[in-house]
Amino acid sequence: MTTPNKTPPGADPKQLERTGTVREIGSQAVWSLSSCKPGFGVDQLRDDNLETYWQSDGSQPHLVNIQFRKTTVKTLCIYADYKSDESYTPSKISVRVGNNFHNLQEIRQLELVEPSGWIHVPLTDNHKKPTRTFMIQIAVLANHQNGRDTHMRQIKIYTPVEESSIGKFPRCTTIDFMMYRSIR
Amino acid sequence: MKFPPKIPNRKTKSKTNKGGITQPNINDSLEITKLDSSIISEGKISTITPQIQAFNLQKAAAGLMSLLREMGKGYLALCSYNCKEAINILSHLPSHHYSTGWVLCQIGRAYFELSEYMQVSIENEVRRIENYRVEGMEIYSTTLWHLQKDVALSVLSKDLTDMDKNSPEAWCAAGNCFSLQREHDIAIKFFQRAIQVDPNYAYAYTLLGHEFVLTEELDKALACFRNAIRVNPRHYNAWYGLGMIYYKQENSALQKSLDINPQSSVLLGHIGVVQHALKKSEKALDTLNKAIVIDPKNPLCKFHRASVLFANEKYKSALQELEELKQIVPKESLVYFLIGKVYKKLGQTHLALMNFSWAMDLDPKGANNQIKEAIDKHYLPDDEEPITQEEQIMGTDESQESSMTDADDTQLHAAESSSRMVFASARWNNKRRCL
């Protein structure tokens, strides 16, 4: 194999949301960055716009910290595009979770090769279940072509939707059942 | 239009009928009202003496009163949530009154309270007849939300917001539309707008509360439901919302909402499950029976009754219930899952497997979730014996792929362990606290 396989793009996370099985909770979290260029900060990272991006402005590793009350997180979705970002595209990302800054443990490390779309990162613990945590840190350890700073266009974080109605059965599938599931 | 009989006859007729309201009386009185107005419009006032005119007016007033009395009776029945009664009374109104916005809206609301969302054609009538009408449309929008008809709902909300930006109903409809698309933040924004437009509109608070529940912001939801109740203490929907939140927080307070609306089968279904969770299974069965008597078509009630029977080890009756349910809702994977569990308990593993695979067919993602959930619960490990038998049976069945058999394996194991899972609130609640 002469050229490594490129990372294939994943599905648009909006599709995930429409299934009703996950819910985006980034809006309930506090986001912070290790560094950023003025005008290219957290807002650009969370604005649902793939044209705007976060540009870091310091030394590696570049960090994105997401803090919330203890929640189950299932999937992390990152949008990265080699064609537009070239040497700013992250190539090695480490995802760490924990209670606070001093308590983080790496649970995932990804290698990206010329990504061109959404990357879905499932956040599962040793028992293959979604993790419950207070904080997630995404660390960019290296960029393509050994670039120093990184661009990240969009990050979304998803929690599984609990079957809120009564009983411990999995979700119902037909409208006939769902019609009677709740009073509204 | 027939000519009224001679006036002396009319006099005697109306005297005898003053006590009761009969259909012909209303019709005749209305005929007179119409005749009255038509005569006046034809400019024939000179031919009618003042006495006759006064008489006519009196008859017209009586007719009007009887009409209003009927409508009032219907409205009273609706407000006490005797919805079937209300529909009965209101459908007996003469047709030109029946086909008005107000009456059809009340009937639509009655069907809504009965959870018969399929009768949404009534609401369509309203839109057709009075397409400027905004009141009562919020019920229509919630009906469409239940039926998950997103196109119709978005059309409705666009129309309403275009028509009247200052009405809370329009913003409620818009909020429902986005909630159906699972854009909860936007839905919340619209419901807040509805509240801004009219702070005394209880339903907007309730809908906002439900949205907060969906985004898991339970304290804000509690505040909203309380606001709704402050505005309208008889808004059973808000009491239900409060009850559900407390149920999640491991208390139960659904009784109040049931007091206000004793006819809602959905509500009764919920209470049945809560009671079962609190180990009052007999009571739970009672409540669920009541619910089913009220609305025999509510599949979820039957499902919960079947699961209560299953938990109480009355497998034959549970099976019977589930067979009926299969007829009503043939495509629901949960039904097959429960049937599979019952067969597993009865030891008929072939049928159990069949039903489990049907269930997984109908909902592959649901099956994965339940495997994961069930494996999480550590229960008595005396399922090894039946499982090995399972493996033997499945080993001989070459037609299934290995991944499918593995999934079935784990699913059966999970089903076995979850079948031991009585709806014991203590254990379940403990688990929830530990998570």
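Rules of the game
Residues numbered from 1 in each chain as written. Chains lettered and ligands numbered in written order. Predicted model: local features only at pLDDT ≥ 70, side-chain atom pairs only at ≥ 80, totals over all residues. Heavy atoms only, no water. Helix = DSSP H or I, 4+ residues; strand = E, 2+ residues; numbered from the N terminus. Contact = heavy atoms within 4.5 Å. Areas by Shrake-Rupley, 256 points an atom, 1.4 Å probe, with all protein chains shown as cover. Buried < 20%, exposed > 50% of the residue type's maximum accessible area, 1.4 Å probe, protein only. Salt bridge = Lys/Arg side-chain N within 4 Å of Asp/Glu carboxyl O. Pairing = 2+ DSSP bridges. Axes fitted to C-alpha atoms, helices over the stretch in contact; angles between N-to-C directions. UniProt positions renumbered as here; feature names shortened; annotations may be inferred. Parallel < 35°, antiparallel > 145°, perpendicular 65-115°, else oblique. Left-handed = near helix turned anticlockwise from the far one by under 90°. Nonpolar A, V, L, I, M, F, W, Y, C, P; charged D, E, K, R; others polar. Polar contact = N/O pair within 3.5 Å; in protein donor to acceptor, adjacent residues only side chain to side chain. Phe/Tyr/Trp six-rings, centres within 6.5 Å; stacked < 30°, edge-to-face > 60°.

### Quick word on the overall build of chain A
Here is step 1 of the chain: Within chain A one finds four helices and 11 strands.
Here is step 2 of the chain: Long-range pairs, those at least 24 residues apart, make up 75% of the contacts in chain A with a sequence separation of at least 6.
Here is step 3 of the chain: Only carbon and sulfur atoms are counted for the fraction: they give 47% of the accessible area of chain A, which is about 8,600 Å².

### Describing the overall build of chain B
Here is step 1 of the chain: Summing up its helical and strand segments, chain B has 25 helices and zero strands in all.
Here is step 2 of the chain: When the 435 residues of chain B are sorted by exposure, 51% land in the buried category.
Here is step 3 of the chain: Taking the contacts inside chain B whose residues are at least 6 apart along the sequence as the reference set, 55% of them involve residues at least 24 apart.

### Regarding the pattern of salt bridges
Residue and element names in this part refer to chain A.
Here is step 1 of the chain: Taken as a whole and judged by the stated rule, the model has eight salt bridges over all chains.
Here is step 2 of the chain: Of the charged contacts in the structure, one is a salt bridge between Glu24 and Arg46, with a shortest N-O distance of 3.1 Å. Taken as a pair, Glu24 in strand E1 (residues 22-24) and Arg46 in the loop between helix H2 (42-45) and strand E3 (54-55) lie far apart in primary sequence, 22 residues in all.
Here is step 3 of the chain: Note on Arg46: relative accessible area 22%, which makes it partly exposed.

### A look at the pairing of strand E6 (residues 90-98) of chain A
Residue and element names in this part refer to chain A.
Here is step 1 of the chain: Counting buried residues in E6 gives seven out of nine residues, a clear majority hidden from the surface.
Here is step 2 of the chain: Examined bridge by bridge, E6 and strand E7 (residues 105-111) share six bridges and lie antiparallel to one another. Paired with Ser94 across the two strands is Gln109, which belongs to E7.
Here is step 3 of the chain: In sequence, E6 turns back onto E7 through a hairpin of six residues.

### Notes on the sheet that holds E1 of chain A
Residues and elements named next belong to chain A.
Here is step 1 of the chain: In spatial order, the strands read E1-E11-E5-E8; together these four strands make up an open sheet with antiparallel pairing. Here the strands that pair on one side only, and so sit at the sheet edges, are E1 and strand E8 (116-122). Averaged over all pairs of adjacent strands, the angle between their axes in this sheet comes to 25 degrees, without regard to strand direction.
Here is step 2 of the chain: Pairing analysis gives five bridges linking strand E5 (residues 75-81) to strand E11 (residues 154-160), with the strands arranged antiparallel. Looking across to E11, one finds that Ile78 is bridged to Ile155.

### As for unusual backbone geometry
Residues and elements named next belong to chain A.
Here is step 1 of the chain: Look at the link from Gln60 to Pro61: it is a cis peptide, with omega at 0 degrees.
Here is step 2 of the chain: Although it is not a glycine, Glu114 adopts a positive phi angle of roughly 45 degrees.
Here is step 3 of the chain: With respect to the helices and strands, Glu114 occurs in the loop between E7 and E8.
Here is step 4 of the chain: Since its relative accessible area comes to 27%, Glu114 is described here as partly exposed.

### Examining the UniProt feature "repeat: TPR" (unreviewed entry) in chain B
Residues and elements named next belong to chain B.
Here is step 1 of the chain: Per the UniProt record, the feature "repeat: TPR" (unreviewed entry) sits at residues 168-201, 202-235, 265-298 and 333-366.
Here is step 2 of the chain: A distance of 7 Å separates the end C-alpha atoms of residues 168-201, which is 79% helix and 0% strand.
Here is step 3 of the chain: The distance from the first to the last C-alpha atom of residues 202-235 is 7 Å, and the span holds 79% helix and 0% strand.

### Some remarks on the packing of helix H18 (residues 299-311) of chain B against helix H19 (residues 315-328) of chain B
Helix-helix packing is described using two parameters, namely the angle between the two axes and the distance between the axes.
Residue and element names in this part refer to chain B.
Here is step 1 of the chain: Contact geometry for H18 and H19: axes closest at 8 Å, N-to-C directions at 160 degrees. In terms of their interaxial angle, H18 and H19 are classed as roughly antiparallel. Crossing hand, H18 versus H19: left-handed. Of H19, the residues touching H18 (which contributes Pro299, Lys302, Phe303, Arg305, Ala306, Leu309 and Phe310) are Tyr315, Ser317, Ala318, Glu321, Leu322, Glu324, Leu325 and Ile328.
Here is step 2 of the chain: A per-class count over the contact of H18 with H19 returns 10 nonpolar, one polar and four charged.

### Examining the environment of His62 of chain A
All names here are of chain A.
Here is step 1 of the chain: Residue placement: His62 occurs in strand E4 (residues 62-73).
Here is step 2 of the chain: Residues His62 and Cys36, 26 residues apart in the sequence, show an inter-C-alpha distance of 9.3 Å.
Here is step 3 of the chain: Apart from the residues lying within four places of it in its own chain, the contact partners of His62 are Ser34, Ser35, Trp54, Ser56, Ile138, Ala139, Val140, Arg148, Asp149 and Thr150.
Here is step 4 of the chain: Here the side chain of His62 touches Arg148 through a polar contact of 2.7 Å, landing on its backbone oxygen.

### Things to note about the packing of aromatic side chains
Here is step 1 of the chain: Under the definition given, this model contains seven aromatic pairs over all chains.
Here is step 2 of the chain: With 5.1 Å between their ring centres and 25 degrees between their planes, Phe40 of chain A and Tyr53 of chain A make a pair best called stacked. Pair noted here: Phe40 of chain A is in the loop between strand E2 (30-33) and H2 and Tyr53 of chain A is in the loop between H2 and E3, with a separation of 13 residues, a long-range link.
Here is step 3 of the chain: A relative accessible area of 23% means that Phe40 of chain A is categorised as partly exposed.
Here is step 4 of the chain: Judged by its relative accessible area of 18%, Tyr53 of chain A falls in the buried class.
Here is step 5 of the chain: Arranged with centres 5.2 Å apart and planes meeting at 80 degrees, the rings of Tyr81 of chain B and Tyr236 of chain B form a pair that is edge-to-face. Separated by 155 residues along the polypeptide, Tyr81 of chain B in the loop between helix H3 (50-79) and helix H4 (83-91) and Tyr236 of chain B in helix H14 (residues 236-248) bring together distant segments of the chain.
Here is step 6 of the chain: One aromatic cluster in this structure is built from Trp171, Phe178 and Phe190 of chain B.

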